[in-house]
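# Close look at the chain arrangement
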Amino acid sequence: MATSSARPLASATTAPALTPAVQPRLESVDVVRGVIMIIMALDHTRDYFGIPGQNPTDLGTTTAALFFTRWITHFCAPVFFLLTGTGAYLSLRRKSTGELSRFLFTRGLWLIFLEIVVMRCFAYQFNVDYRVTMLIVLWALGWAMIALSLLVRLRASTVAAIGVGMIVSHNLLDGVTSANPIWTILHSPGFVLTTSEHVVFVAYPLIPWIGVTALGYGLGQIYGWDAERRRSVLLRLGLALSVAFVALRAANLYGDPSRWTSQKSTLFTVLSFLNTTKYPPSLLFLLMTLGPALLVLRAMDRGTPRLLGPALVFGRVPLFYFMVHFILIHLLAVLTCYARYGSAHWMFESPDLAHYPFTPPPGWGYSLPVVYLAWAVVVLAMYPLCRWFAALKQRRSDPWLSYL
């Protein structure tokens, strides 16, 4: 989510020495992030409008349509974290290392606050009882930025190597079981607090996500290279990660705690092959998602297709989009519930983890076509809001805007 805009000094050959020149944002980064955010809204819409209890990745009960509705959204978090690191590196064009470090640290603390207070109470659950608190994407992204605030003191290639090491090696720890909260926060999803009144559950352990952000920081170097060299590197890296995923997954030996198996049909065997682990993201999950993401970054490097113009708008205001679209989805669910039942109190109640982020009313839940329709409504409604906020950011330079 870190900004990818830059403002280097103009060279003496093209402008007076003290006149700043504004370098435009990298459209390829923004448009890919925007596409991911559109897809992300599909998964969140399904959380509120889908049929409760459906597990899209349970091959014994799922359908291909439901599986791929969930699977396509797997690309969202890895690309978010990767491009956060890339954006941080690109901001070195207008910040010193010390300024960037301070910004990342304070921005990380801000994201953690947003997750635990603002999003938890006023977006995900619409209550302030703190019976259930889930530590999810903004929590992990905040800590990843805090970690990066320390790593930026190192060379970018060293930061990337640290990221690769974390991604490749963390599955070696899959056999370790511990109820220690520190271990839960770093590697294994689980409860860090559980009482009769309150539970706190970590869904996004930090180690692999910090690694993805560090890798993204190293990737930022290529945006200082000439276009052909950059595209060549993105192509080779994207293909290498994609091939590595197929080879390692086929071997069925390392990289994911869940092995693929032959199923009742060829299609479901393919689903088993693609059914990698997100919590925490396994090596194979990250190879499967980041490889194609790099290929899409290369494709967008030549310019944004006209069809993806709206995605470019979303990609320029990622945190604003993230916060508002969750509120909008939940509000839409409240209105739908009230219209259907004459009451919507269920949408404000999440007494335990089994009823997160709300308590489904009797008979609640809609088929995939309805979920897709609600998703379209949300994305269309978000466009004018994001366009307005992007224009506001362009007109004004208030420091607080950099935190949204």
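Our subject is the structure that appears above.
This report concerns the structure included in the present document.

Analysis parameters
Residues numbered from 1 in each chain as written. Predicted model: local features only at pLDDT ≥ 70, side-chain atom pairs only at ≥ 80, totals over all residues. Heavy atoms only, no water. Buried < 20%, exposed > 50% of the residue type's maximum accessible area, 1.4 Å probe, protein only. Helix = DSSP H or I, 4+ residues; strand = E, 2+ residues; numbered from the N terminus. Contact = heavy atoms within 4.5 Å. Pairing = 2+ DSSP bridges. Patch = residues over 30% accessible without salt bridge, like charges linked within 9 Å, V, L, I, M, F, W, Y side chains within 5 Å. Areas by Shrake-Rupley, 256 points an atom, 1.4 Å probe, with all protein chains shown as cover. Salt bridge = Lys/Arg side-chain N within 4 Å of Asp/Glu carboxyl O. 1 Å grid on protein atoms, 1.4 Å probe; cavity = no way out; pocket = protein on both sides within 12 Å on 5 of 7 lines; lining within 4 Å. Points joined across faces, edges and corners; volume = space filled by probe spheres on them. Nonpolar A, V, L, I, M, F, W, Y, C, P; charged D, E, K, R; others polar. Axes fitted to C-alpha atoms, helices over the stretch in contact; angles between N-to-C directions. Parallel < 35°, antiparallel > 145°, perpendicular 65-115°, else oblique. Left-handed = near helix turned anticlockwise from the far one by under 90°. Phe/Tyr/Trp six-rings, centres within 6.5 Å; stacked < 30°, edge-to-face > 60°. Lys NZ or Arg CZ within 6 Å of the ring centre and 35° of its normal.

The subject of this paragraph is helix α10 (residues 266–274). Within α10, the full set of buried residues consists of Phe268, Thr269, Leu271, Ser272, Phe273 and Leu274. The elements touched by buried residues of α10 are α2 (64–71), α9 (227–251) and α11 (283–300).

Here strand β1 (residues 132–135) shows two buried faces, one formed by Val132 and Met134 and the other by Thr133 and Leu135. Relative to strand β3 (residues 199–202), β1 runs parallel, the two sharing 4 bridges. Its bridge partner lying in β3, Met134 is registered against Phe201.

All right, on to a nonpolar patch on the surface then. A surface patch of nonpolar side chains, amounting to about 260 Å² of accessible area, comprises Leu172, Leu173 and Val176. Position of Leu172 among the secondary structure elements: in the loop between α6 (156–169) and α7 (181–186).

Put simply, the largest pocket is a space of about 1300 Å³. Along its surface, the largest pocket is lined by 48 residues, and Asp43, Arg46, Asp47, Arg70 and Tyr279 are the ones closest to its centre. Of all elements in the fold, only α1 (27–49), α2, α3 (76–90), α13 (318–341) and α14 (368–395) reach the threshold of two or more residues within the lining of the largest pocket. The element that contributes the greatest number of residues to the lining of the largest pocket is α1, accounting for 6 residues. A per-class count over the lining of the largest pocket returns 30 nonpolar, 13 polar and 5 charged.

It is the contact of α1 with α11, at a shortest axis distance of 9 Å, that shows an interaxial angle of 130°. Looking at the two axes, α1 sits oblique to α11. In terms of crossing hand, the pair formed by α1 and α11 is right-handed. Counting all contacts with α1, which are made through Ser28, Val29, Val31 and Val32, the residues of α11 involved are Val296, Leu297 and Met300. Looking at the contact of α1 with α11 residue by residue, the classes come out as 6 nonpolar, 1 polar and no charged.

Residue Tyr279 is joined to Pro280 through a cis peptide bond whose omega torsion reads -10°. Tracing the backbone shows Pro280 in the loop between α10 and α11. With a phi angle near 60°, Asn252 is a residue other than glycine that sits in the positive phi range. Position of Asn252 relative to the elements: it lies in the loop between α9 and α10. Given a relative accessible area of 21%, Asn252 falls into the partly exposed group.

Considering all chains together, one arrives at 28 aromatic pairs under this definition. Pairing Trp364 with Tyr366 gives two aromatic rings, centres 5.4 Å apart and planes at 80°, and the pair type is edge-to-face. Tyr366 shares its class with Trp364; the two are buried. Through pairs of rings, three or more aromatic residues link up here, namely Tyr48, Phe49, Tyr341, Trp346, Phe358, Trp364 and Tyr366. Over the ring of Trp225 we find Arg229; its NZ or CZ atom is 3.6 Å from the centre of that ring. Looking at Lys264, its charged tip hangs above the ring of Phe268, at a distance of 4.5 Å from the centre.

By themselves, these observations are geometric and do not establish any function.
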